[in-house]
Amino acid sequence: MSGTANVRSLNAIREFRAALIVFLQQVGDALLALNEQVFVAVDWVENEQPRYWDREVLRSYDQVAETRIALETNRMRKEAFGHRPSLAEEKKALETAKRRLAYCQQKVEIVKQTSISLRHEADEFLGRLSTLQRAVEADLPKMIGMLERMLMSLEAYSETAESTEATTDSTK
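Cut-offs applied
Residues numbered from 1 in each chain as written. Predicted model: local features only at pLDDT ≥ 70, side-chain atom pairs only at ≥ 80, totals over all residues. Heavy atoms only, no water. Helix = DSSP H or I, 4+ residues; strand = E, 2+ residues; numbered from the N terminus. Buried < 20%, exposed > 50% of the residue type's maximum accessible area, 1.4 Å probe, protein only. Contact = heavy atoms within 4.5 Å. Areas by Shrake-Rupley, 256 points an atom, 1.4 Å probe, with all protein chains shown as cover. Phe/Tyr/Trp six-rings, centres within 6.5 Å; stacked < 30°, edge-to-face > 60°. Salt bridge = Lys/Arg side-chain N within 4 Å of Asp/Glu carboxyl O. Core = buried A, V, L, I, M, F, W, Y, C linked by side-chain atoms within 4.5 Å.

**Topic: the overall build of the protein chain**
1) Next: A tally of helices and strands in the protein chain yields two helices and zero strands.
2) Next: Counting only residues that meet the buried cut, the protein chain has 22% of its 172 residues in that class.
3) Next: Within the protein chain, counting contacts between residues at least 6 apart in sequence, those at least 24 apart form 84% of the total.
4) Next: Of the roughly 12,700 Å² of accessible surface on the protein chain, 57% is carried by carbon and sulfur atoms.

Right, dumping it as structure tokens:
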């Protein structure tokens, strides 16, 4: 090992340390934002969407009941006048209401399956994110501290080397 340090710029180390501190803050903010976005997405799929589609199923049942009542009412009304009604519009409305009900019921099942899948993926992602977060919270502060100690040691070394050179120059 040589007796002298080959450091060309203490300012470069200071600037790197400052950049590392900024990076630590930005990564911390980004990790918090990612955590929040995951929780918002999971909440939306697990809570808001099931409530929405359950309400839509109820509305669809009501619509089917209303169109069925309208069909039967018009059937009885037109038969009372002595002719067979076609009731095409009422039948079409009933079929549309039944299709909407089936669609909403299908969406309820899709949301259930998506919720399970999303929860699994979110847990996997958050697990990996927490590994990164632990590294950021533990390793980066250690590195910043190490750079600070290096700077202090190099500054002390620089002062010692300068005073040694001054003493050597004055004795000549």
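There's more to say after this.
**Considering the packing of aromatic side chains**
1) Next: Scanning the model with the defined rule gives two aromatic pairs in all.
2) Next: With centroids separated by 4.9 Å and ring planes inclined at 85°, the aromatic side chains of Y52 and W53 adopt a geometry described as edge-to-face.
3) Next: We classify Y52 as partly exposed; its relative accessible area is 32%.
4) Next: Classification of W53 by relative accessible area gives buried; the value is 10%.
5) Next: When the ring of W53 is compared with that of Y103, the centres are 5.8 Å apart and the planes differ by 75°; the resulting orientation is edge-to-face. Taken together, the positions of W53 in helix α1 (residues 10–80) and Y103 in helix α2 (residues 88–171) put the pair 50 residues apart, joining distant regions of the chain.

**Some points on the environment of E109**
1) Next: With respect to the secondary-structure elements, E109 resides in helix α2.
2) Next: Classification of E109 as partly exposed rests on a relative accessible area of 42%.
3) Next: When the C-alpha positions of E109 and P50 are compared, they lie 9.2 Å apart, and in sequence the two are 59 residues distant.

**A closer look at the pattern of salt bridges**
Two side chains that carry opposite charge are able to pair once their charged atoms sit near each other.
1) Next: Tallied over the full model, the rule gives nine salt bridges.
2) Next: With its nearest N and O atoms 2.8 Å apart, the salt bridge here joins R17 to E148. Residue R17 is found in helix α1, and its partner E148 is found in helix α2; the two are separated by 131 residues along the sequence.
3) Next: Across the pair E56 and R100 runs a salt bridge, and its minimum N-O distance is 2.5 Å. Remark: R100 occurs in helix α2 and E56 occurs in helix α1; sequence separation between them is 44 residues.
4) Next: Of the residues examined, R100 reaches a relative accessible area of 32% and is grouped as partly exposed.
5) Next: Each of E46, R119 and D123 takes part in salt bridges that share partners, so that together they form one network.

**Quick notes on the nonpolar core**
1) Next: Of all hydrophobic cores here, the largest spans 15 residues; its most connected members are I13, L20, L31, V38 and V136.
2) Next: At the level of secondary structure, the elements contributing two or more residues to this core comprise α1 and α2.
3) Next: A total of nine residues in this core trace back to one element, the largest contributor, which is α2.
4) Next: Apart from residues lying up to four places away in sequence, V38 is in contact with A122, F125 and L126.
5) Next: Within the second largest apolar cluster, eleven residues are counted, among which are W53, L94, A97 and C104.

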